[in-house]
Amino acid sequence: MRGGPRLAPKQERKPEPAIDEDVTGFEIDRAVKNELRTLSKDNAKGVGQHLVMVARLLDADVVAARAHAETAVRRAGRVAAVRETRGLVAYREADYQLALSEFRTARRLSGSQHLLPLMVDCERGLGRPERALELAGSPEARTLGRAERIELLIVCSGIRRDMGDLDAAVVLLETPELNPNRRDPWSARLFYAYAAALLERGDRDLARAWFAEAADADSDVETDAAERLDELDGVVFVDLGGGDEAAPEADPADSVATDPGEPVDADQSLPDDAGPREPVEHGEGEQG
């Protein structure tokens, strides 16, 4: 062949984002460390550092988090945890197409189904509710652990709300885990989703009671349940910031919350151990 094959020019290697001095790369959990063992020692350490930086920056600076995630992918693109991390950053940025692609790759590499709820939510974000529900009803969904199953129900309830099927949105969440006397890792999110579904269906009083339960369970502030509760009670916060002037003393009558009344019946016939339980007041020191 005349002239021989033409060589493609090498792409310049992008500079890697800076790592905080206190990050060693060994802060990652054991499962991720095991995945990184397929890499050289130095590369595993470097990738671990970038993954730690993603976790550190995700809530504060998602653009910086993305730079670290992309660097980790360039260095270890066939490690499931790395692709999952890149997907989580894309998901946080509402880039659902990229997030779905990365989650699919991570699932293929690991064989794990734990990302299924996020994949279903990505389909929802892409405006494909039917495809989302089809994925949620796949055989793989039946292999999920309890935490992932609850997350999947929360997502599916939201999809039903999007589709205007408000009764189904409520009923989907009426599981044994919907118990105000329990405090599980998913309780705040489950209570909140149930309250939101009830409110959209028009059950304001019962929704208020469950927003209160969600706020009580939300020790990590994963939701805005407290704010939603204040909205329902008509509480308005006014910024008085006017220098050294003393704020006028509030009239006690203005701070009285509206009586929510008795929680209304959800009007669903369910087994005794699966129906929604009426929220209760927790006594002093009671954990529920």
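Quantities reported herein were computed from a predicted structural model and do not represent experimental measurements.

Rules used throughout
Residues numbered from 1 in each chain as written. Predicted model: local features only at pLDDT ≥ 70, side-chain atom pairs only at ≥ 80, totals over all residues. Heavy atoms only, no water. Helix = DSSP H or I, 4+ residues; strand = E, 2+ residues; numbered from the N terminus. Buried < 20%, exposed > 50% of the residue type's maximum accessible area, 1.4 Å probe, protein only. Contact = heavy atoms within 4.5 Å. Areas by Shrake-Rupley, 256 points an atom, 1.4 Å probe, with all protein chains shown as cover. Phe/Tyr/Trp six-rings, centres within 6.5 Å; stacked < 30°, edge-to-face > 60°. Core = buried A, V, L, I, M, F, W, Y, C linked by side-chain atoms within 4.5 Å. Salt bridge = Lys/Arg side-chain N within 4 Å of Asp/Glu carboxyl O. Polar contact = N/O pair within 3.5 Å; in protein donor to acceptor, adjacent residues only side chain to side chain. Axes fitted to C-alpha atoms, helices over the stretch in contact; angles between N-to-C directions. Parallel < 35°, antiparallel > 145°, perpendicular 65-115°, else oblique. Left-handed = near helix turned anticlockwise from the far one by under 90°. Nonpolar A, V, L, I, M, F, W, Y, C, P; charged D, E, K, R; others polar.

1. Some words on the overall build of the chain
Thinking step 1. When you go through the chain residue by residue, the secondary structure sums to twelve helices and zero strands.
Thinking step 2. Ordering the α and β elements of the chain from the N terminus gives α-α-α-α-α-α-α-α-α-α-α-α.
Thinking step 3. Burial statistics for the chain: of 288 residues in total, 38% are counted as buried.
Thinking step 4. Partitioning the contacts of the chain with sequence separation of at least 6, the portion at a separation of at least 24 is 59%.
Thinking step 5. About 17500 Å² of surface is accessible on the chain, with carbon and sulfur atoms providing 48% of the total.

2. Let's talk about the packing of aromatic side chains
Thinking step 1. Applying the stated criterion across every chain yields a total of five aromatic pairs.
Thinking step 2. Measuring from centroid to centroid gives 6.0 Å for Y91 and Y96, while their planes differ by 70 degrees, and the two rings are edge-to-face.
Thinking step 3. By relative accessible area, which is 23% here, Y91 ends up partly exposed.
Thinking step 4. Centroid distance Y194 to W210: 5.3 Å. Interplanar angle 85 degrees. Geometry classified as edge-to-face. With a gap of 16 residues between them, Y194 in helix α10 (residues 187-201) and W210 in helix α11 (residues 204-217) connect regions that are remote in the sequence. Accessibility classification places Y194 together with W210 in one group, the buried group.

3. A few points about the nonpolar core
Thinking step 1. Counting residues in each nonpolar core, the largest one holds 27 residues, and the members touching the most others are L173, L190, Y194, L198, W210 and F211.
Thinking step 2. Breaking this core down by element, the ones donating at least two residues are α8 (146-162), α9 (166-171), α10, α11 and α12 (225-233).
Thinking step 3. Looking at which element gives the most residues to this core, the answer is α10, with ten residues.
Thinking step 4. M53, A72, V73 and A76 belong to the second largest nonpolar core, which has 22 residues in total.

4. Looking at the pattern of salt bridges
Thinking step 1. A complete count under the given rule lists 22 salt bridges for this structure.
Thinking step 2. For R124, the salt bridge goes to D121, with nearest N and O atoms at 3.7 Å. On the criterion of helical spacing, the pair formed by R124 and D121 is a turn pair, its members being three residues apart in helix α6 (residues 116-125).
Thinking step 3. According to the relative accessible area criterion, R124 is partly exposed, its value standing at 29%.
Thinking step 4. A cluster of three or more residues bridged by salt bridges with shared partners is formed by D20, D22 and R56.

5. Considerations on the side chain of E174
Thinking step 1. Turning to its location among the elements, E174 is positioned in the loop between α9 and α10.
Thinking step 2. Side chain to side chain, E174 and Y194 meet in a polar contact 2.7 Å long.

6. Points about the environment of V73
Thinking step 1. Within the secondary structure, V73 sits in helix α3 (residues 62-75).
Thinking step 2. A sequence separation of eleven residues divides V73 from E84, and the C-alpha atoms of the two residues are 9.8 Å apart.
Thinking step 3. Those residues in contact with V73 that sit more than four places away from it in its chain are V82, R83 and R86.

7. Describing the packing of helix α2 (residues 41-57) against α3
Thinking step 1. At a closest axis distance of 8 Å, the pairing of α2 and α3 adopts a crossing angle of 160 degrees. Accordingly, the angle class assigned to the pair α2 and α3 is roughly antiparallel. For α2 against α3, the interelement crossing comes out left-handed. Packed against α2, whose contacting residues are D42, N43, G46, V47, H50, L51, M53, V54 and L57, the element α3 presents V62, A64, A65, H68, A69, T71, A72 and R75 at the interface.
Thinking step 2. Tallied by class, residues from the contact of α2 with α3 come to ten nonpolar, five polar and two charged.

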